[in-house]
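Structural features, examined
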Amino acid sequence: MTQNKKLPVLGLGMLLLQGGVAMAQAVDTIPGMPPVLDPHNIYTETRANNLNPEVAKDPPRIYVPNLRSNNVYVIDPQTYTVVSRFKVGKSPQHVVPAWDLRTLWVTNNAEGTTKGTLTPIDPRTTQPLPEVAVDDPYNMYFTPDGRSAITVAEARERLDFRDPHTMELQGSVSVPQCKGVNHADFSIDGRYAIFTCEFGGYLAKVDTVNRTVIGYLKLSGGGMPQDILTAPDGHKFYVADMHADGVFVIDGDSFRETGFIPTGIGTHGLYPSRDGTKMYVANRGSHKIHGPPHGKAGGVSVIDFATDKVIANWPIPHGGSPDMGNVSNDGKTLWLSGRFDDVVYAIDTTTGAMRKIPVGQEPHGLTVWPQPGRYSVGHTGILR
């Protein structure tokens, strides 16, 4: 892993190599956030096989939360087989790596009840630990300074800032115009996050330091925004929209829509390649929240970051419903849940060839572990 001391930040001036050679303007991040080593690419530290030495001791596994069977399946990526499974709370939605990379949190939002929980998993043993009661944790993120976890209380239209270890409540932000508050990503300096509002077609911009809503943005079309991903430059954002069948492009700083990239029916999940040049887009094959299995339009599109053009399309053989997931440590495999087909897809990132592994009922936000990077800002593993 790259050591920060080799690229010291000198005030707000330049990043300097040893010997005094100027490299690039430093990014004025929020206090406590690890420095941005390349202001043109926030993903430099998530390149293939760049594992933290401690994280490298964790066994490679794919953790799959199954929404309707209330359990987590664990897949060995070397054998493509389920090697264990365990029960968790009601309605597990996502498996979320903690900021410090030492815990994986299962977000059990207990849909329709007030009995939500988080199930911590020890990635060294691959086993669950005692659950923590948390109201409506549909998804979870971590502020880039590591000081707070943000549980996304979708049904409550609320963001709960919590202690990242104990999950004790620190404070809440109400987002009443953000119906179905859902996914998020952060600016290059950590000063704001943009959240998607699934039921209404809005985005919400939130000040992460002062914990206030900066504003809302209504998307020009579609109306069902899902996943969101920050571009390598840390200022542009991509928003998958399940009704628009593509990706909206947003200037995060000015908070305005600047473009749209058509991909496929039911555009849903967004993941950067390990070399930071491409984005994998999961098209779920249906506009419905509970779609049919074997959707003929289900597949993956590949977008080139430099041009914002689709450079490849990989349909699921015999149809499918690719949803959420992530990329393997070596960058060679894209792992996605098959939401309506009760399978997980392992997709070759060079050829698009894929395997299917049967899992539990309605797999959702799976994570791949271990992953390269210094820290996690949440979801199924947004590392920096």
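Criteria and cut-off values
- Residues numbered from 1 in each chain as written.
- Predicted model: local features only at pLDDT ≥ 70, side-chain atom pairs only at ≥ 80, totals over all residues.
- Heavy atoms only, no water.
- Core = buried A, V, L, I, M, F, W, Y, C linked by side-chain atoms within 4.5 Å.
- Buried < 20%, exposed > 50% of the residue type's maximum accessible area, 1.4 Å probe, protein only.
- Helix = DSSP H or I, 4+ residues; strand = E, 2+ residues; numbered from the N terminus.
- Pairing = 2+ DSSP bridges.
- Axes fitted to C-alpha atoms, helices over the stretch in contact; angles between N-to-C directions.

Side note on the nonpolar core
Counting residues in hydrophobic clusters, the biggest one holds 38 residues, and the most contacted among them are Tyr141, Leu159, Phe195, Tyr238, Val247, Leu270 and Met279. Of all elements in the fold, only β12 (149-153), β13 (158-162), β15 (181-186), β16 (192-197), β17 (202-207), β20 (236-241), β21 (246-251) and β24 (278-283) reach the threshold of two or more residues within this core. Ranked by size, the runner-up nonpolar core spans 15 residues in total, among them Ala282, Ile316, Leu334 and Met354.

Examining the sheet that holds strand β29 (residues 343-348)
With antiparallel pairing, four strands are arranged side by side in an open sheet as β27-β28-β29-β30. If you trace the sheet from one side to the other, it starts and ends with β27 (322-327) and β30 (354-358), each paired once. Averaged over all pairs of adjacent strands, the angle between strand axes in this sheet comes to 25°, irrespective of strand direction. Two strands pair when backbone bridges link them, and β27 and strand β28 (residues 333-338) are joined in this way by four bridges, in the antiparallel orientation. Its bridge partner being in β28, glycine 325 is matched across the sheet by leucine 336.

Concerning unusual backbone geometry
A cis amide bond, omega 0°, links tryptophan 369 with the succeeding residue proline 370. By the element assignment, proline 370 lies in the segment after β31 (367-369). For aspartate 245, which is not glycine, the phi torsion reads 60° and is therefore positive. With respect to the helices and strands, the residue aspartate 245 is situated in the loop between β20 and β21. Phi at histidine 294 takes a positive value of approximately 60°, unusual for a residue other than glycine. With respect to the secondary-structure elements, histidine 294 resides in the loop between β24 and β25 (299-304). The class of histidine 294 is exposed, set by a relative accessible area of 51%.

Here we look at the pairing of strand β5 (residues 81-87)
Two strands pair when backbone bridges link them, and strand β4 (residues 71-76) and β5 are joined in this way by six bridges, in the antiparallel orientation. Residue pairing for β5: isoleucine 75 is matched across the bridge by valine 82. Between β4 and β5, which pair antiparallel in sequence order, lie four residues; one of them, tyrosine 80, sits at a positive phi of approximately 60°.

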